[in-house]
Each structure stands twice: as structure tokens, then as C-alpha cells.
Amino acid sequence: GQSLEQPSEVTAVEGAIVQINCTYQTSGFYGLSWYQQHDGGAPTFLSYNALDGLEETGRFSSFLSRSDSYGYLLLQELQMKDSASYFCAVRSSWGKLQFGAGTQVVVTP
Amino acid sequence: DAGVIQSPRHEVTEMGQEVTLRCKPISGHDYLFWYRQTMMRGLELLIYFNNNVPIDDSGMPEDRFSAKMPNASFSTLKIQPSEPRDSAVYFCASSPRGASGEGNEQFFGPGTRLTVL
């Protein structure tokens, strides 16, 4: 079957570092994306990894290991505005994304 | 660009009524996606189009759901007849054709919150 596993919730204080892991099992794999969604809002794109390694975009970084079917999103210097749900999504075919259940990140003062 | 536009933003209807959701993708994007999001099932892909042609509708729940894309700037998702279990937030997203021929980043509209009583 096809599945994506990520933790349901993570809580951390402002200024901390949070790592959200994602493991996947899909019939096809082109790459791994991460999306952020605030309550009541729409998902917004954060990053995409097609090849193994680390991609850094400001305070956020994303990592992929294709051989391990594993990736993570790293949030550094956490801010209150980072409180949101974060979804990993596998691009399993041309243009098609399959989303995980999401990880709710709660940032406390 | 105004981004992906969806209408209506909220829809409350009674069971058995027809519901039509509308989407205008970002100009120039080749891909259009319809998603449904609920607490129980998360974010599910219903159907997607490439250059106005439906490519994969395997996520459409049943025959009560239908989607069309008559031109590059407009798509509809119709539910007829609607049922309470269809209550969800429905997102439309569009994606450009990437340099390698792939669409990576998807741009989501604000969503339509549907409540079926």
C-alpha cells in the first residue's frame, strides 16, 4: 500500500529547533515536498527535494534520503508565527502529490 | 497575479441539493488540482487536469462528484446530490510546468468551506 508517516504534533519554545520526520511508502517517487498550513488557511509550499541531501531556505531546511524512504523538515529559530500544520507530500507521478496527515507545530513563548 | 481564485468561499446547503464549486487557476499554469480536506481523512486529491484534460480522477469518491475544465482559466467541481458526509474544505490548486517538464510547487486557492445539512 501507499503511506506517509509523520508525527501528529510537536511542541517547542520560541527560538528552539524542531525536526519533523516523514517516512513514506509509495508506488512511485519523483520527490518529496513540504507544505505549511495555518489554521483556516490554505497550504503553502515550503520546499521540494528530488535528490538526496539537504536544501536550505532561510530558517527552514529539508532533507531527503531516497534509499531510506525518509525525509525531514527542520525549523530553526522558531517564531510564534511558525505555529501551523506541516505536511510532507510525495510526488508519486507526473504532477500528482500524495499528502501525509500533517504535523501540528505548537510554538510556546 | 491574483493567485488561485475560488468561489464561493463558504457554502451551506441541504442534503440532496446540487453544489457547484468554481476555480480560476493562475494564468499560464498547466496543471489544476481539486483537493478535499477533512479532519478524519486529511488532504485528499480528488482529480487533476493537465492542459484542461483530466489525467487522474481516481480520488473522486463516487459518481455524485464530477469535475470539468472547459478552458485554461476555469474549472468546476460539482456534487449532485450532496450529502452531509461531503462537508469539508475543498481546495483548488494550480501548478506551472517546470523547466524539466514537471510541476513541483502547487499554489492553493483559499478554499471553499462546504457544509451540507
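Report on the accompanying structure.

Cut-off values and rules
- Residues numbered from 1 in each chain as written.
- Chains lettered and ligands numbered in written order.
- Predicted model: local features only at pLDDT ≥ 70, side-chain atom pairs only at ≥ 80, totals over all residues.
- Heavy atoms only, no water.
- Phe/Tyr/Trp six-rings, centres within 6.5 Å; stacked < 30°, edge-to-face > 60°.
- Helix = DSSP H or I, 4+ residues; strand = E, 2+ residues; numbered from the N terminus.
- Buried < 20%, exposed > 50% of the residue type's maximum accessible area, 1.4 Å probe, protein only.
- Contact = heavy atoms within 4.5 Å.
- Salt bridge = Lys/Arg side-chain N within 4 Å of Asp/Glu carboxyl O.
- Polar contact = N/O pair within 3.5 Å; in protein donor to acceptor, adjacent residues only side chain to side chain.
- Nonpolar A, V, L, I, M, F, W, Y, C, P; charged D, E, K, R; others polar.

**Topic: the packing of aromatic side chains**
Thinking step 1. Here the structure, examined in full by the defined rule, presents 17 aromatic pairs over all chains.
Thinking step 2. For the pair Phe33 of chain B and Tyr48 of chain B, a centre-to-centre distance of 5.3 Å together with 25° between the ring planes defines the contact as stacked. Of this pair, Phe33 of chain B sits in strand β4 (residues 31-38) while Tyr48 of chain B sits in strand β5 (residues 42-50), and the two are 15 residues apart along the sequence. As far as the burial class goes, Phe33 of chain B and Tyr48 of chain B line up, both buried.
Thinking step 3. Aromatic ring contacts, followed pair by pair, group Tyr35, Phe45, Phe87 and Phe99 of chain A together with Tyr31, Phe33, Tyr35, Tyr48, Phe91 and Phe108 of chain B into a single cluster.

**Considering the interface of chain B and chain A**
Thinking step 1. Of the residues lining the interface, 20 residues belong to chain B; the matching set on chain A comes to 15 residues.
Thinking step 2. Linking Asp56 of chain B and Lys96 of chain A is a salt bridge whose minimum nitrogen-to-oxygen distance equals 2.7 Å.
Thinking step 3. Our enumeration of links across chain B and chain A arrives at three residue pairs in polar contact (both at pLDDT 80 or more).
Thinking step 4. Sorting the residues of the side of chain B that touches chain A by element identifies β4 and β5 of chain B as the ones contributing at least two each.
Thinking step 5. It is β4 of chain B that provides the largest number of residues to the side of chain B that touches chain A, a total of four residues.
Thinking step 6. Counted by class, the side of chain B that touches chain A contains nine nonpolar, eight polar and three charged residues.

**Notes on the environment of Cys22 of chain A**
Residues and elements named next belong to chain A.
Thinking step 1. Residue placement: Cys22 occurs in strand β3 (residues 18-25).
Thinking step 2. Residue classification places Cys22 among the buried residues on the basis of a relative accessible area of 0%.
Thinking step 3. When the C-alpha positions of Cys22 and Leu78 are compared, they lie 19 Å apart, and in sequence the two are 56 residues distant.
Thinking step 4. Excluding residues within four positions of it along the chain, Cys22 makes contact with Leu4, Glu5, Leu32, Trp34, Ser69, Tyr70, Gly71 and Cys88.

**Let's talk about the environment of Gln106 of chain B**
Thinking step 1. With respect to the helices and strands, the residue Gln106 of chain B is situated in the loop between β9 (88-95) and β10 (107-108).
Thinking step 2. Accessibility expressed as a relative area gives 2% for Gln106 of chain B, which makes it buried.
Thinking step 3. Apart from the residues lying within four places of it in its own chain, the contact partners of Gln106 of chain B are Tyr35, Phe45, Gly95 and Leu97 of chain A together with Phe33, Tyr35, Ala93, Ser94 and Ser95 of chain B.
Thinking step 4. Separated by 2.7 Å, the side chains of Gln106 of chain B and Tyr35 of chain B make a polar contact.

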